[in-house]
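Per-entry structural report
One letter stands for each residue in the lines below.
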Amino acid sequence: MKIAIAGGSIAGLACALTLTCKGHDVHVYERSAAPLRGRGGGVVVLRQMFHFLEQHGYPVRGMLSVPAHRRRWLDAEGSVIRDEPELLPFSSWDAVYRSLCSMLPSGAMHYGHTVASLAQDAEGVTIHFDEHAEPLRVDLLIAADGTGSRLRAMLFPASASSYAGYIAWRGVVEESAFERADIAELIENMTLLRADGALFMTFLIPALDGSLETGKRRFNWLWYRNETDAATLASFLTDREGRHHHASIAPGELSAHSLAHLQHAAAAHLPPALSQLVAATGAPFLQAIADVLSPSFAQGRVALVGDAACTLRPHTGSGTSKAADDAVSLAQALDTSTATPDVVRALADWATARRAAVEPLRLKGPRLAESFGLGSPS
Ligand SMILES: Cc1cc2nc3c(=O)[nH]c(=O)nc-3n(C[C@H](O)[C@H](O)[C@H](O)COP(=O)(O)OP(=O)(O)OC[C@H]3O[C@@H](n4cnc5c(N)ncnc54)[C@H](O)[C@@H]3O)c2cc1C
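These figures come from a predicted structure and were not determined experimentally.

Here we look at the sheet that holds strand 6 (residues 109-111)
Pairing within the open sheet is mixed, and its six strands lie in the order 6-2-1-10-18-17. Two strands close off the open sheet at either side, each with one partner strand: strand 6 and strand 17 (298-299). Where strand 10 (residues 140-143) and strand 18 (residues 302-304) come together, three bridges link them in parallel fashion. Bridge pairing in strand 18 links L141 to V302.

A few points about the environment of E123
Topologically, E123 is positioned in the loop between strand 7 (115-120) and strand 8 (125-129). With 16 residues separating them along the chain, E123 and D139 place their C-alpha atoms 7.0 Å apart. In this structure E123 touches R137, D139 and R301, once residues within four positions along its chain are discounted.

Thoughts on the packing of helix 10 (residues 319-333) against helix 11 (residues 343-371)
Two elements in contact, helix 10 and helix 11, have axes whose closest approach is 10 Å; the angle formed by their N-to-C orientations is 150°. Relative to helix 11, the element helix 10 lies roughly antiparallel. At the point where helix 10 passes helix 11, the crossing takes the right-handed sense. Residues K322, D325, D326, S329, L330 and A333 of helix 10 pack against A346, L347, W350, R354 and V358 of helix 11. Considered class by class, the residues forming the contact of helix 10 with helix 11 number six nonpolar, one polar and four charged.

Some points on the site of the ligand
Of all residues adjacent to the ligand, which total 31 residues, the nearest are S9, A11, E30, D307 and T320. Take I10: an N or O atom from its main chain is 3.4 Å from an oxygen atom of the ligand. With respect to the ligand, the side chain of D307 contributes an N or O atom lying 2.6 Å from an oxygen atom. Where the shell around the ligand is concerned, the elements lending two or more residues are helix 1 (10-21), strand 2 (25-30), strand 3 (42-44), strand 11 (162-174), helix 9 (306-309) and helix 10. Counting residues domain by domain, the shell around the ligand receives three or more from each of domain 1 (2-62 + 94-161 + 291-371) and domain 2 (68-90 + 164-289).

Observations regarding the UniProt feature "domain: 2,6-dihydroxypyridine 3-monooxygenase substrate binding" (unreviewed entry) in the protein
In this structure's numbering, the residues bearing the UniProt feature "domain: 2,6-dihydroxypyridine 3-monooxygenase substrate binding" (unreviewed entry) are residues 163-291. Here residues 163-291 runs as 26% helix and 35% strand, with 6 Å between its end C-alpha atoms.

Here we look at the domain arrangement of the protein
Here the protein is partitioned into domain 1 (2-62 + 94-161 + 291-371) and domain 2 (68-90 + 164-289). The straight-line distance from the C-alpha centre of domain 1 to that of domain 2 is 28 Å. At the junction of the two partners, domain 1 supplies 19 residues and domain 2 supplies 19 residues. Both sides of the domain 1 and domain 2 interface together cover about 1,500 Å² of buried area, and 55% of this is carbon and sulfur. D94 is the salt-bridge partner of R218, the closest N and O atoms lying 3.4 Å from each other. Scanning the region where domain 1 abuts domain 2 turns up five residue pairs in polar contact (both at pLDDT 80 or more). Secondary-structure elements contributing two or more residues to the side of domain 1 that touches domain 2 are strand 3, helix 3 (93-103) and helix 11. Broken down by element, the side of domain 1 that touches domain 2 gets its largest block of residues, three residues, from strand 3.

Section: helix 1
Counted at 1.5 Å a residue, the expected span for helix 1 with its 12 residues is 16 Å, and the 17 Å between its end C-alpha atoms agrees. When you tally the buried positions in helix 1, you get 10 out of 12 residues, the bulk of the element. Taken together, the buried positions of helix 1 are I10, A11, G12, L13, A14, C15, A16, L17, T18 and L19. Of the residues one or two after helix 1, G23 is the one with positive phi, at around 95°.

Topic: the side chain of E30
Within the secondary structure layout, E30 lies in strand 2. Summary of buried charges: E30 has no salt-bridge partner, and the nearest side chain of opposite charge, R31, is 4.8 Å away. Residue contacts for E30: discarding those within four places in its chain leaves G7, G8, S9, L36, M109, H110, Y111, G112 and H113.

Brief notes about the sheet that holds strand 8
Adjacent strands of a sheet form backbone hydrogen bonds with each other and so pair up, either parallel or antiparallel. Taken in spatial order, the three strands make up an open sheet running 7-8-9, and their pairing is antiparallel. Strands with a single pairing partner mark the edges of an open sheet, and in this sheet they are strand 7 and strand 9 (136-138). On average, adjacent strands in this sheet sit at an angle of 25° to one another, irrespective of strand direction. The sheet contact formed by strand 7 and strand 8 spans five bridges and is antiparallel. Opposite S117, over in strand 8, you have H128 as the bridge partner.

How each quantity is defined
Per chain, the residues get numbers from 1 upward, laid out in the order the sequence is written. Whole-chain, interface and lining totals are the exception, using all residues; otherwise, since this is a predicted model, local features are given only for residues with pLDDT of at least 70 and side-chain atom pairs are given and counted only at 80 or more. The side-chain values count all of the structure's non-hydrogen atoms but skip hydrogen atoms and water molecules. Any two strands between which DSSP finds at least two bridges are classified as paired. Elements are defined by DSSP. Helices are runs of H or I of four residues or more, strands are runs of E of two residues or more, and each kind is numbered from the N terminus. In what follows, residue pairs with any heavy atoms lying within 4.5 Å of each other are defined as contacts. Every axis in this analysis is a line fitted to C-alpha atoms, fitted for helices over the stretch in contact. Angles between the N-to-C directions lie between 0 and 180 degrees. Every angle not falling under 35 degrees, over 145, or within 65 to 115 is termed oblique; those three ranges are roughly parallel, roughly antiparallel and roughly perpendicular. What makes a crossing left-handed is the near helix being turned counterclockwise from the far one by less than a right angle; a clockwise turn instead makes it right-handed. Residue polarity follows a fixed list, in which Ala, Val, Leu, Ile, Met, Phe, Trp, Tyr, Cys and Pro are nonpolar, Asp, Glu, Lys and Arg are charged, and the others, Gly among them, are polar. Whether a residue is near a molecule or strand depends on its heavy atoms: if one lies within 4 Å, it is near. Under the rule applied, a polar contact is a pair of N or O atoms within 3.5 Å (in protein, one hydrogen donor and one hydrogen acceptor; residues adjacent in sequence only if both atoms are side-chain atoms). Marked domain ranges trace back to an automatic or database domain assignment. UniProt positions are given in the numbering used here, feature names are shortened, and annotations may be inferred rather than shown by experiment. In short, buried area is how much 1.4 Å probe accessible area vanishes from two parts on joining, totalled over both. Throughout this description, the term salt bridge denotes a Lys or Arg side-chain nitrogen within 4 Å of a carboxyl oxygen of Asp or Glu. One fewer than the residue count of a helix, multiplied by 1.5 Å, yields its expected span. Note on exposure labels: buried denotes an accessible area under 20% of the residue type's maximum, exposed denotes more than 50%, and partly exposed covers the range between, all computed with a 1.4 Å probe on protein chains only. Counting rule applied: Lys, Arg positive; Asp, Glu negative; His and chain ends not counted.

The structure is reproduced here in C-alpha coordinates:
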(Lines give C-alpha, C1' and ligand atoms only; values in the text may rest on other atoms or scores of the structure.)
Protein backbone atom coordinates (compact mmCIF):
# COMPACT_ATOMS: atom_id res chain seq x y z
CA MET A 1 0.00 0.00 0.00
CA LYS A 2 0.97 3.61 -0.45
CA ILE A 3 0.99 5.07 3.05
CA ALA A 4 1.47 8.70 4.16
CA ILE A 5 2.45 9.56 7.72
CA ALA A 6 1.74 13.03 9.14
CA GLY A 7 4.44 13.85 11.70
CA GLY A 8 8.09 12.84 11.62
CA SER A 9 8.89 12.49 15.31
CA ILE A 10 9.27 9.24 17.26
CA ALA A 11 5.81 7.77 16.52
CA GLY A 12 5.86 8.72 12.83
CA LEU A 13 9.37 7.41 12.23
CA ALA A 14 8.70 4.21 14.14
CA CYS A 15 5.62 3.54 11.98
CA ALA A 16 7.53 4.40 8.81
CA LEU A 17 10.15 1.79 9.68
CA THR A 18 7.86 -1.03 10.74
CA LEU A 19 5.54 -0.52 7.73
CA THR A 20 8.52 -0.34 5.36
CA CYS A 21 9.73 -3.63 6.86
CA LYS A 22 6.39 -5.12 5.84
CA GLY A 23 6.81 -4.03 2.21
CA HIS A 24 4.63 -0.90 2.08
CA ASP A 25 5.58 2.27 0.20
CA VAL A 26 5.78 4.74 3.09
CA HIS A 27 6.41 8.51 3.09
CA VAL A 28 6.63 10.77 6.13
CA TYR A 29 5.43 14.39 5.95
CA GLU A 30 6.83 16.58 8.72
CA ARG A 31 5.83 20.22 9.15
CA SER A 32 9.26 21.25 10.45
CA ALA A 33 11.52 22.48 7.65
CA ALA A 34 14.55 20.55 8.90
CA PRO A 35 15.34 17.45 10.98
CA LEU A 36 14.32 17.88 14.61
CA ARG A 37 17.19 18.24 17.04
CA GLY A 38 17.73 18.48 20.77
CA ARG A 39 14.01 18.58 21.43
CA GLY A 40 13.63 16.02 24.15
CA GLY A 41 15.32 14.64 27.18
CA GLY A 42 15.51 11.10 28.43
CA VAL A 43 13.39 8.23 27.25
CA VAL A 44 13.23 4.63 28.26
CA VAL A 45 14.72 2.05 25.95
CA LEU A 46 12.37 0.67 23.29
CA ARG A 47 12.74 -3.06 23.84
CA GLN A 48 9.93 -4.29 21.60
CA MET A 49 11.02 -1.95 18.82
CA PHE A 50 14.64 -3.20 19.11
CA HIS A 51 13.43 -6.73 18.84
CA PHE A 52 11.24 -6.03 15.79
CA LEU A 53 13.99 -4.10 13.97
CA GLU A 54 16.61 -6.75 14.72
CA GLN A 55 14.27 -9.40 13.35
CA HIS A 56 14.08 -7.35 10.13
CA GLY A 57 17.84 -6.97 9.87
CA TYR A 58 18.30 -3.42 11.21
CA PRO A 59 21.15 -2.48 13.57
CA VAL A 60 19.91 -0.82 16.76
CA ARG A 61 23.16 0.16 18.47
CA GLY A 62 22.34 3.87 18.11
CA MET A 63 19.56 3.46 20.63
CA LEU A 64 21.82 2.08 23.36
CA SER A 65 21.34 3.34 26.85
CA VAL A 66 23.02 4.69 29.94
CA PRO A 67 21.93 2.37 32.74
CA ALA A 68 20.91 3.78 36.11
CA HIS A 69 21.66 1.25 38.84
CA ARG A 70 19.84 2.71 41.84
CA ARG A 71 16.74 4.74 42.56
CA ARG A 72 17.63 7.20 45.32
CA TRP A 73 15.27 9.60 47.08
CA LEU A 74 16.60 12.80 48.67
CA ASP A 75 15.01 15.08 51.24
CA ALA A 76 14.93 18.86 50.95
CA GLU A 77 18.38 19.09 52.58
CA GLY A 78 19.86 16.64 50.08
CA SER A 79 20.20 13.66 52.45
CA VAL A 80 19.40 10.22 51.04
CA ILE A 81 16.18 8.96 52.62
CA ARG A 82 15.64 5.88 50.44
CA ASP A 83 18.04 3.97 48.25
CA GLU A 84 16.94 0.94 46.24
CA PRO A 85 18.80 -1.09 43.64
CA GLU A 86 17.01 -0.89 40.31
CA LEU A 87 18.32 -1.22 36.76
CA LEU A 88 16.77 1.54 34.65
CA PRO A 89 18.08 1.78 31.08
CA PHE A 90 17.65 5.34 29.78
CA SER A 91 18.31 6.51 26.29
CA SER A 92 17.82 10.00 24.92
CA TRP A 93 15.17 11.36 22.61
CA ASP A 94 17.91 12.47 20.22
CA ALA A 95 19.62 9.06 20.12
CA VAL A 96 16.34 7.28 19.37
CA TYR A 97 15.30 9.93 16.82
CA ARG A 98 18.63 9.90 15.01
CA SER A 99 18.81 6.16 14.86
CA LEU A 100 15.24 5.83 13.53
CA CYS A 101 16.01 8.50 10.87
CA SER A 102 19.18 6.69 9.80
CA MET A 103 17.27 3.48 9.11
CA LEU A 104 14.60 5.04 6.86
CA PRO A 105 14.89 4.46 3.11
CA SER A 106 16.31 7.54 1.36
CA GLY A 107 13.62 9.83 -0.01
CA ALA A 108 11.03 8.69 2.53
CA MET A 109 11.22 11.85 4.60
CA HIS A 110 9.60 15.10 3.44
CA TYR A 111 10.27 18.14 5.62
CA GLY A 112 8.29 21.37 5.31
CA HIS A 113 5.04 19.48 4.68
CA THR A 114 2.20 20.35 7.07
CA VAL A 115 -0.86 18.20 6.53
CA ALA A 116 -3.69 20.71 6.35
CA SER A 117 -6.73 18.64 5.39
CA LEU A 118 -7.83 15.20 4.36
CA ALA A 119 -10.74 13.71 2.47
CA GLN A 120 -11.35 9.99 2.33
CA ASP A 121 -13.53 7.78 0.17
CA ALA A 122 -13.87 4.03 -0.33
CA GLU A 123 -10.64 3.79 -2.33
CA GLY A 124 -8.19 6.04 -0.51
CA VAL A 125 -7.32 9.34 1.16
CA THR A 126 -6.54 12.69 -0.47
CA ILE A 127 -4.26 14.97 1.53
CA HIS A 128 -3.57 18.67 1.16
CA PHE A 129 -0.56 20.48 2.59
CA ASP A 130 -0.25 24.05 3.84
CA GLU A 131 2.92 24.68 1.83
CA HIS A 132 2.18 22.85 -1.43
CA ALA A 133 -0.73 23.18 -3.84
CA GLU A 134 -0.41 19.63 -5.22
CA PRO A 135 -2.63 17.14 -3.32
CA LEU A 136 -1.42 13.64 -2.49
CA ARG A 137 -3.45 10.47 -2.95
CA VAL A 138 -2.66 7.46 -0.73
CA ASP A 139 -4.23 4.20 0.41
CA LEU A 140 -3.75 5.03 4.10
CA LEU A 141 -2.90 8.02 6.25
CA ILE A 142 -1.32 7.73 9.67
CA ALA A 143 -1.72 10.63 12.09
CA ALA A 144 1.48 10.86 14.14
CA ASP A 145 1.17 14.60 14.69
CA GLY A 146 1.51 14.61 18.47
CA THR A 147 -0.55 15.55 21.47
CA GLY A 148 -2.13 18.64 19.85
CA SER A 149 -2.99 16.60 16.71
CA ARG A 150 -4.69 18.66 14.02
CA LEU A 151 -5.76 15.43 12.31
CA ARG A 152 -7.45 14.13 15.47
CA ALA A 153 -9.34 17.43 15.71
CA MET A 154 -10.49 17.03 12.08
CA LEU A 155 -11.63 13.44 12.58
CA PHE A 156 -13.09 13.84 16.07
CA PRO A 157 -13.94 17.53 16.55
CA ALA A 158 -15.38 16.94 20.03
CA SER A 159 -12.16 15.44 21.43
CA ALA A 160 -10.08 17.76 23.59
CA SER A 161 -7.07 17.54 25.86
CA SER A 162 -7.50 18.19 29.58
CA TYR A 163 -4.84 19.93 31.65
CA ALA A 164 -3.77 17.72 34.55
CA GLY A 165 -3.05 20.54 37.01
CA TYR A 166 0.76 20.49 36.90
CA ILE A 167 3.65 21.44 34.67
CA ALA A 168 7.10 20.00 34.04
CA TRP A 169 10.13 22.25 33.89
CA ARG A 170 12.74 20.26 32.02
CA GLY A 171 16.37 20.51 31.06
CA VAL A 172 19.40 18.72 29.74
CA VAL A 173 22.90 19.68 30.89
CA GLU A 174 26.36 18.31 30.10
CA GLU A 175 27.98 16.04 32.68
CA SER A 176 31.23 17.90 31.91
CA ALA A 177 29.75 21.18 33.22
CA PHE A 178 30.36 19.99 36.81
CA GLU A 179 33.22 19.07 39.08
CA ARG A 180 33.26 15.29 39.43
CA ALA A 181 32.88 15.48 43.24
CA ASP A 182 29.74 17.62 42.94
CA ILE A 183 27.89 15.06 40.84
CA ALA A 184 29.38 11.79 42.14
CA GLU A 185 26.13 10.83 43.88
CA LEU A 186 24.05 11.49 40.75
CA ILE A 187 26.12 9.41 38.35
CA GLU A 188 24.33 6.31 37.07
CA ASN A 189 21.55 6.71 39.62
CA MET A 190 18.05 7.94 39.23
CA THR A 191 17.73 10.66 41.87
CA LEU A 192 14.35 11.93 43.04
CA LEU A 193 13.05 14.48 45.47
CA ARG A 194 9.44 14.77 46.48
CA ALA A 195 8.10 17.93 48.08
CA ASP A 196 4.65 19.36 48.57
CA GLY A 197 3.02 19.38 45.11
CA ALA A 198 6.32 18.82 43.35
CA LEU A 199 8.60 16.03 42.18
CA PHE A 200 12.14 16.45 40.88
CA MET A 201 14.00 13.68 39.07
CA THR A 202 17.28 13.37 37.24
CA PHE A 203 19.32 10.71 35.45
CA LEU A 204 22.08 10.48 32.85
CA ILE A 205 21.33 10.12 29.15
CA PRO A 206 23.66 9.71 26.14
CA ALA A 207 25.46 12.72 24.61
CA LEU A 208 23.77 14.54 21.72
CA ASP A 209 25.94 12.51 19.31
CA GLY A 210 24.91 9.28 21.07
CA SER A 211 28.18 8.82 22.98
CA LEU A 212 27.95 6.90 26.25
CA GLU A 213 31.47 7.89 27.33
CA THR A 214 31.95 9.16 30.89
CA GLY A 215 32.15 12.96 30.85
CA LYS A 216 30.34 13.24 27.52
CA ARG A 217 26.91 12.17 28.74
CA ARG A 218 24.19 14.59 29.84
CA PHE A 219 21.93 14.92 32.85
CA ASN A 220 18.25 14.94 32.04
CA TRP A 221 16.14 16.57 34.74
CA LEU A 222 12.41 17.10 35.18
CA TRP A 223 10.71 19.13 37.84
CA TYR A 224 6.99 18.59 38.08
CA ARG A 225 5.15 21.31 40.00
CA ASN A 226 1.47 21.81 40.64
CA GLU A 227 0.18 24.94 38.93
CA THR A 228 -3.50 25.66 39.27
CA ASP A 229 -3.49 29.40 38.71
CA ALA A 230 -4.64 30.02 35.12
CA ALA A 231 -2.89 33.40 34.81
CA THR A 232 0.45 32.01 36.06
CA LEU A 233 0.16 29.03 33.72
CA ALA A 234 -0.60 31.35 30.80
CA SER A 235 2.46 33.46 31.63
CA PHE A 236 4.71 30.37 31.72
CA LEU A 237 3.27 29.28 28.36
CA THR A 238 4.18 32.64 26.79
CA ASP A 239 7.55 32.48 25.03
CA ARG A 240 10.35 35.06 24.92
CA GLU A 241 8.77 36.68 21.84
CA GLY A 242 5.47 37.08 23.68
CA ARG A 243 3.71 34.31 21.75
CA HIS A 244 1.28 32.16 23.70
CA HIS A 245 1.54 28.35 23.37
CA HIS A 246 -1.04 25.74 24.18
CA ALA A 247 1.05 23.09 25.94
CA SER A 248 4.81 23.61 25.80
CA ILE A 249 7.71 26.02 25.36
CA ALA A 250 10.69 24.62 23.45
CA PRO A 251 14.34 24.75 24.64
CA GLY A 252 15.69 28.30 24.32
CA GLU A 253 12.21 29.83 24.05
CA LEU A 254 11.30 30.41 27.73
CA SER A 255 10.60 34.05 28.59
CA ALA A 256 12.97 36.00 30.86
CA HIS A 257 10.20 35.95 33.48
CA SER A 258 9.92 32.12 33.34
CA LEU A 259 13.70 31.68 33.46
CA ALA A 260 13.98 33.95 36.49
CA HIS A 261 11.10 32.16 38.21
CA LEU A 262 12.67 28.74 37.56
CA GLN A 263 16.11 29.74 38.82
CA HIS A 264 14.68 31.40 41.89
CA ALA A 265 12.44 28.40 42.70
CA ALA A 266 15.33 25.96 42.23
CA ALA A 267 17.60 27.94 44.57
CA ALA A 268 14.80 28.18 47.15
CA HIS A 269 13.39 24.64 47.06
CA LEU A 270 16.08 22.24 45.87
CA PRO A 271 19.23 21.07 47.66
CA PRO A 272 22.52 22.19 46.02
CA ALA A 273 23.11 18.75 44.46
CA LEU A 274 19.97 19.27 42.35
CA SER A 275 19.70 23.06 42.03
CA GLN A 276 23.17 23.08 40.44
CA LEU A 277 21.70 21.15 37.50
CA VAL A 278 18.98 23.75 36.95
CA ALA A 279 21.40 26.65 37.36
CA ALA A 280 23.81 25.23 34.77
CA THR A 281 21.16 24.41 32.14
CA GLY A 282 21.45 26.74 29.15
CA ALA A 283 18.07 26.11 27.55
CA PRO A 284 15.47 24.73 29.95
CA PHE A 285 12.00 24.05 28.57
CA LEU A 286 8.47 23.58 29.80
CA GLN A 287 5.56 21.24 29.27
CA ALA A 288 2.06 21.50 30.69
CA ILE A 289 0.93 17.98 31.54
CA ALA A 290 -2.34 17.03 29.84
CA ASP A 291 -4.41 13.94 29.20
CA VAL A 292 -5.52 13.10 25.68
CA LEU A 293 -7.48 10.08 24.51
CA SER A 294 -8.85 9.91 21.00
CA PRO A 295 -12.40 8.47 20.87
CA SER A 296 -11.03 5.90 18.42
CA PHE A 297 -7.54 5.16 17.10
CA ALA A 298 -8.83 4.87 13.52
CA GLN A 299 -11.49 6.24 11.27
CA GLY A 300 -11.86 4.69 7.84
CA ARG A 301 -8.43 4.77 6.20
CA VAL A 302 -6.79 6.98 8.83
CA ALA A 303 -5.02 5.58 11.90
CA LEU A 304 -3.83 7.57 14.92
CA VAL A 305 -0.62 6.64 16.72
CA GLY A 306 1.68 7.97 19.45
CA ASP A 307 0.62 11.03 21.42
CA ALA A 308 -2.01 11.90 18.78
CA ALA A 309 -3.95 8.77 19.75
CA CYS A 310 -3.32 8.85 23.48
CA THR A 311 -0.99 11.04 25.52
CA LEU A 312 0.16 9.26 28.66
CA ARG A 313 1.37 10.91 31.84
CA PRO A 314 5.17 11.11 31.70
CA HIS A 315 5.60 9.30 35.06
CA THR A 316 4.67 6.10 33.31
CA GLY A 317 7.94 6.57 31.36
CA SER A 318 6.19 4.95 28.44
CA GLY A 319 5.15 7.57 25.86
CA THR A 320 7.96 6.60 23.53
CA SER A 321 7.69 2.87 24.04
CA LYS A 322 3.93 3.08 23.51
CA ALA A 323 4.56 4.92 20.23
CA ALA A 324 6.94 2.13 19.20
CA ASP A 325 4.44 -0.53 20.22
CA ASP A 326 1.76 1.27 18.17
CA ALA A 327 4.11 1.03 15.20
CA VAL A 328 4.91 -2.65 15.66
CA SER A 329 1.28 -3.67 16.18
CA LEU A 330 0.07 -1.56 13.24
CA ALA A 331 2.61 -3.15 10.90
CA GLN A 332 1.57 -6.59 12.10
CA ALA A 333 -2.10 -5.72 11.51
CA LEU A 334 -1.30 -4.50 7.97
CA ASP A 335 1.09 -7.33 7.11
CA THR A 336 1.15 -7.74 3.33
CA SER A 337 1.92 -11.45 3.64
CA THR A 338 -1.38 -12.02 5.44
CA ALA A 339 -3.04 -9.35 3.31
CA THR A 340 -6.64 -8.82 4.03
CA PRO A 341 -8.44 -7.10 1.15
CA ASP A 342 -10.45 -5.14 3.71
CA VAL A 343 -7.93 -2.64 5.02
CA VAL A 344 -10.59 -0.52 6.72
CA ARG A 345 -11.67 -3.55 8.71
CA ALA A 346 -8.06 -4.41 9.58
CA LEU A 347 -7.49 -0.85 10.83
CA ALA A 348 -10.71 -0.85 12.86
CA ASP A 349 -9.75 -4.16 14.52
CA TRP A 350 -6.25 -2.85 15.25
CA ALA A 351 -7.70 0.37 16.70
CA THR A 352 -10.05 -1.45 19.07
CA ALA A 353 -7.35 -3.82 20.29
CA ARG A 354 -4.74 -1.07 20.64
CA ARG A 355 -7.02 1.29 22.56
CA ALA A 356 -7.83 -1.50 25.00
CA ALA A 357 -4.12 -2.36 25.34
CA VAL A 358 -3.09 1.18 26.35
CA GLU A 359 -5.93 1.60 28.84
CA PRO A 360 -4.02 0.23 31.89
CA LEU A 361 -1.10 2.61 31.19
CA ARG A 362 -3.47 5.53 30.72
CA LEU A 363 -5.10 4.85 34.07
CA LYS A 364 -1.77 4.27 35.81
CA GLY A 365 -0.57 7.84 35.07
CA PRO A 366 -3.06 9.78 37.21
CA ARG A 367 -2.71 7.21 40.03
CA LEU A 368 1.07 7.67 40.06
CA ALA A 369 0.71 11.46 39.92
CA GLU A 370 -1.69 11.37 42.85
CA SER A 371 0.75 9.25 44.86
CA PHE A 372 3.36 12.00 44.28
CA GLY A 373 0.86 14.74 45.27
CA LEU A 374 0.72 16.04 41.69
CA GLY A 375 -2.37 17.35 39.92
CA SER A 376 -5.90 17.43 41.13
CA PRO A 377 -7.06 14.29 42.97
CA SER A 378 -9.45 12.23 40.80
C1 LIG B 1 7.29 16.06 30.46
C2 LIG B 1 7.33 14.85 29.57
C3 LIG B 1 8.25 13.86 29.82
C4 LIG B 1 8.30 12.72 29.03
N5 LIG B 1 9.19 11.75 29.34
C6 LIG B 1 9.17 10.61 28.66
C7 LIG B 1 10.03 9.53 29.04
O8 LIG B 1 10.81 9.61 29.99
N9 LIG B 1 9.98 8.39 28.35
C10 LIG B 1 9.12 8.25 27.30
O11 LIG B 1 9.12 7.18 26.71
N12 LIG B 1 8.31 9.26 26.88
C13 LIG B 1 8.30 10.43 27.54
N14 LIG B 1 7.47 11.43 27.14
C15 LIG B 1 6.54 11.22 25.99
C16 LIG B 1 7.21 11.17 24.63
O17 LIG B 1 7.99 12.34 24.44
C18 LIG B 1 6.16 11.02 23.50
O19 LIG B 1 5.13 10.21 23.97
C20 LIG B 1 6.76 10.33 22.29
O21 LIG B 1 7.91 11.04 21.87
C22 LIG B 1 5.79 10.19 21.10
O23 LIG B 1 5.58 11.43 20.49
P24 LIG B 1 4.91 11.56 19.04
O25 LIG B 1 5.88 11.18 17.99
O26 LIG B 1 3.60 10.87 19.08
O27 LIG B 1 4.58 13.11 18.99
P28 LIG B 1 5.56 14.38 18.91
O29 LIG B 1 6.91 14.07 19.41
O30 LIG B 1 4.81 15.50 19.54
O31 LIG B 1 5.68 14.63 17.34
C32 LIG B 1 4.67 15.10 16.53
C33 LIG B 1 5.32 15.55 15.21
O34 LIG B 1 4.32 15.89 14.28
C35 LIG B 1 4.68 17.10 13.63
N36 LIG B 1 3.41 17.69 13.18
C37 LIG B 1 2.44 18.24 13.95
N38 LIG B 1 1.40 18.59 13.20
C39 LIG B 1 1.69 18.25 11.92
C40 LIG B 1 0.99 18.33 10.68
N41 LIG B 1 -0.26 18.86 10.61
N42 LIG B 1 1.59 17.88 9.56
C43 LIG B 1 2.85 17.35 9.61
N44 LIG B 1 3.57 17.25 10.75
C45 LIG B 1 2.98 17.67 11.89
C46 LIG B 1 5.43 17.90 14.68
O47 LIG B 1 6.27 18.89 14.13
C48 LIG B 1 6.22 16.78 15.39
O49 LIG B 1 7.46 16.54 14.78
C50 LIG B 1 7.41 12.59 27.91
C51 LIG B 1 6.50 13.61 27.61
C52 LIG B 1 6.45 14.72 28.44
C53 LIG B 1 5.43 15.78 28.13
